[in-house]
Amino acid sequence: MVSGLSATGLAASVTPSVPTNFSIYNNDFLSILGSAPKLELLLENNDFPFAHEAAVYVPSSDALFVSSNMFLDPVTNKTTIKISKVNVSANPVTAEIINSTIPLPNGAVNNGDGILWAGQGTLNETSGLFQMSATAPYESEPLVRDYYGSQFNSPNDVVVSRDGSYWFTDPIYGSVQGVRPAPELPNQVYRYDPATKAVHVVADGFGRPNGISFSPDEKTVYITDTAKVIGNGSTDSLLPRTIYAFDVTTIHGQPFLTNRRLFAMASEGIPDGIKNDQYGNVYAGCGDGVSVWSAGGVLLGKILIKGGTSNFSFGRDGRMFILNEHKLFVAQLNSTLQSTLF
C-alpha cells in the first residue's frame, strides 16, 4: 500500500454527506465517493431499451456509445439491437441512433482506432469482433468471425490489452434466446491478435462467460460468469453469479491465464459488465446497481440503481455513466477516478 493512501489507492477524505443512492460496506468506499457524491438521471427513452450494454466513452468527443437490449423493431418486425451515440455534454443531453451493419452488437471498447464491438450474430449473420469508426458515417468491418472454421456462439464483451490483442467472452446466450444457431463451441474466452490474425482459447469451464477486464498492471484478468441467468427467462440460484480472477502468465512468449480463483460473488442479480479503476478496484454491474470491490475482493460499497445495470463506463473527472435499459444515469464520484480503458 502507498503511504497515506487507503486500501482503494485513494487518499482518505473527510466523511461526506452520503446520499441514499450509495450504500457503504467498508469505509474505504468513502475515498471512492469523494467529498460530494451524487447520482442523477441523464437521459430517458421509453420507446426502446436504448441503454443496455457497451457504454463506451470517447473523450475526444465527450460522447458515450451504448447498445440497446434486444427488442422487436416495429418497422422491420425483427429482433434488433440499436447503437446510440449520447452527447453527454449537450444541454439538454441528446442521443442519435447509429445505423450499423454489426449483427446484434453487445459489448464494446474504445481501442484508439474507433470502437471495437462484440457482435452476437443472428440466425443468418456470423458473429465475431467488428471495428467501427467513432465518427460519421460510422463505417464498420468484421475482424474475426470464427475459430478456425467453427462459428463463435454470441460474443458478449471485449477488452484490449496493451500489446494490442483483443480478449473477448463467448457465451451461448444467442442460441438459448433463439437468435443464433446451435452452439459449435463451448462457453469460452478467447484472445485475438490482429497483427498475426491468430485466435486461441484462453479460458474455459464457464457456465456463461460475460464481462472481462484487466487490472491496471495487466497481471490479472477478471471474468464474470453469469450462468445464474439461463437466457430463456429463467434463473437458477445454484449456478454461478461470480467474478473469477486469473493470473496472466507468459509461457514460450505467449500469454496464458493461470491460477483461476473466485474473486467475488454478486449479492443481487449477476455481475455483468466489469471495469477496473487505476488503483485496481473492481466495479461490476449487478442486479441492484454497481458493486465495488477492493483488489483484495472486499465489498466496499454499491451505487444503487433500481432495476440494476448491465454495464457502465467511466467518463472524465470521476463521472460514471450507468445504463438502466430505458434510463441513463450519471454518478459523480471522486474526481481523480478513471478507468484503465482510456
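Residues numbered from 1 in each chain as written. Predicted model: local features only at pLDDT ≥ 70, side-chain atom pairs only at ≥ 80, totals over all residues. Heavy atoms only, no water.

The name given to the protein chain in an unreviewed UniProt entry is SMP-30/Gluconolactonase/LRE-like region domain-containing protein, with Penicillium oxalicum as the source organism.

> Looking at this structure, I do not really get the overall build of the protein chain. What am I missing?
Along the backbone of the protein chain there are 2 helices and 29 strands. Computed over C-alpha atoms, the radius of gyration of the protein chain comes to 19 Å, within 12% of the 20 Å expected from 2.2 N^0.38 for 342 residues, which places it in the range of a compact globule. Buried residues in the protein chain amount to 55% of all 342 residues. Across the protein chain, the fraction of contacts at a sequence separation of at least 24, relative to all contacts at a separation of at least 6, is 48%. Here the protein chain carries 21 positive and 30 negative side-chain charges, and the mean point of each set is 2 Å from the other. (Helix = DSSP H or I, 4+ residues; strand = E, 2+ residues; numbered from the N terminus. Rg over C-alpha atoms; globule rule 2.2 N^0.38 Å. Buried < 20%, exposed > 50% of the residue type's maximum accessible area, 1.4 Å probe, protein only. Contact = heavy atoms within 4.5 Å. Lys, Arg positive; Asp, Glu negative; His and termini not counted. Charge placed at Lys NZ, Arg CZ, Asp CG, Glu CD.)

> Honestly, the UniProt feature "domain: SMP-30/Gluconolactonase/LRE-like region" (unreviewed entry) in the protein chain in this entry has me stumped. Any pointers?
As recorded in UniProt, the feature "domain: SMP-30/Gluconolactonase/LRE-like region" (unreviewed entry) lies at residues 122-317. Structurally, residues 122-317 is divided into 2% helix and 46% strand, and its ends, taken at the C-alpha atoms, are 38 Å apart. (UniProt positions renumbered as here; feature names shortened; annotations may be inferred.)

> Help me out: how do you make sense of the pattern of salt bridges in this one?
A side chain with one charge may pair with a side chain of the opposite charge, provided their charged atoms come close. Applying the stated criterion across every chain yields a total of 5 salt bridges. Where Lys82 meets Asp73, a salt bridge forms, and the shortest distance between an N and an O atom there is 3.7 Å. Of the residues examined, Asp73 reaches a relative accessible area of 8% and is grouped as buried. The salt bridge partner of Lys302 is Asp288, with a shortest N-O separation of 2.8 Å. Taken together, the residues Lys302 in strand 26 (residues 299-304) and Asp288 in the loop between strand 24 (282-286) and strand 25 (289-293) connect sequence positions 14 residues apart. Classification of Lys302 by relative accessible area gives buried; the value is 4%. (Salt bridge = Lys/Arg side-chain N within 4 Å of Asp/Glu carboxyl O.)

> What am I meant to see in the pairing of strand 4 (residues 63-67) here?
Two faces, one strand: in a regular strand the side chains alternate between the faces of the sheet. Of all 5 residues in strand 4, 5 are buried, a share of seventy percent or more. Neither face of strand 4 is exposed, since Ala63, Phe65 and Ser67 on one face and Leu64 and Val66 on the opposite face are all buried. In this structure, strand 3 (residues 53-58) lies alongside strand 4, joined through 4 bridges in antiparallel fashion. Paired with Val58 across the strands is Ala63, a residue of strand 4. (Pairing = 2+ DSSP bridges.)

> Just to check I follow, could you spell out the sheet that holds strand 24 for this structure?
Strand pairing within a sheet occurs via backbone hydrogen bonds; the two strands may be parallel or antiparallel. With antiparallel pairing, the 5 strands of this open sheet are ordered in space as 1-26-25-24-23. At either end of the open sheet lies a strand with only one pairing partner, and these are strand 1 (22-24) and strand 23 (274-276). Put simply, the sheet's adjacent strands are angled 20° from each other on average, direction ignored. Sheet topology places strand 24 next to strand 25; 5 bridges connect them, and they run antiparallel. Note on strand 25: the bridge partner recorded for Tyr283 is Val292. (Axes fitted to C-alpha atoms, helices over the stretch in contact; angles between N-to-C directions.)

> Please explain the packing of aromatic side chains as it appears in this structure.
Aromatic ring pairs: the centre-centre distance and the angle between the two ring planes describe each pair. Throughout the structure, instances matching the rule amount to 14 aromatic pairs. Here the aromatic residues Tyr147, Tyr148, Phe152, Phe168 and Tyr190 are joined through ring pairs into a cluster of three or more. Above the plane of the ring of Tyr244 lies Arg260, whose end atom (NZ or CZ) is 4.0 Å from the centre. The ring of Phe312 is capped by Lys275, whose NZ or CZ atom sits 4.9 Å from the centre of that ring. (Phe/Tyr/Trp six-rings, centres within 6.5 Å; stacked < 30°, edge-to-face > 60°. Lys NZ or Arg CZ within 6 Å of the ring centre and 35° of its normal.)

> Looking at this model, I keep getting lost on the side chain of Thr122. Mind explaining?
Among the structural elements, Thr122 can be located in the loop between strand 10 (115-119) and strand 11 (128-132). Non-local contacts of Thr122, meaning those with residues more than four positions away in its chain, are made with Pro103, Leu104, Val179, Arg180 and Pro181.

> Please clarify how the sheet that holds strand 19 (residues 209-214) should be interpreted in this entry.
Taken in spatial order, the 4 strands of this open sheet run 19-20-21-22, and their pairing is antiparallel. Strand pairing shows two members of the sheet lacking a second neighbour, strand 19 and strand 22 (254-265), which therefore form its edges. Shown here is a sheet whose adjacent strand axes are inclined to one another by a mean of 25°, direction ignored.

> Even after reading the chapter, I still don't get the nonpolar core, so can you show me in this structure?
Across soluble globular proteins, you tend to see nonpolar side chains buried next to one another. Grouped together as the largest cluster of nonpolar side chains are 20 residues, with contacts concentrated most on Tyr283, Ile303, Met320 and Ile322. Counting only elements with at least two residues in this core, the list comes to helix 1 (29-33), strand 25, strand 26, strand 27 (312-314), strand 28 (319-324) and strand 29 (327-332). It is helix 1 that contributes the most residues to this core, 3 residues altogether. Those residues in contact with Met320 that sit more than four places away from it in its chain are Tyr283, Val290, Ile303, Phe312, Ser313, Phe314, Phe329, Val330, Ala331 and Leu333. Phe48, Ala51, Phe321 and Val330 belong to the second largest nonpolar core, which has 17 residues in total. (Core = buried A, V, L, I, M, F, W, Y, C linked by side-chain atoms within 4.5 Å.)

> Where do I start with unusual backbone geometry in this structure?
With an omega of 5°, the peptide bond running from Asn91 to Pro92 counts as cis. With an omega of 10°, the peptide bond running from Ala136 to Pro137 counts as cis. Not every positive phi belongs to a glycine, and Asn77 is a case in point at roughly 60°. Position of Asn77 among the secondary structure elements: in the loop between strand 5 (71-72) and strand 6 (79-80).

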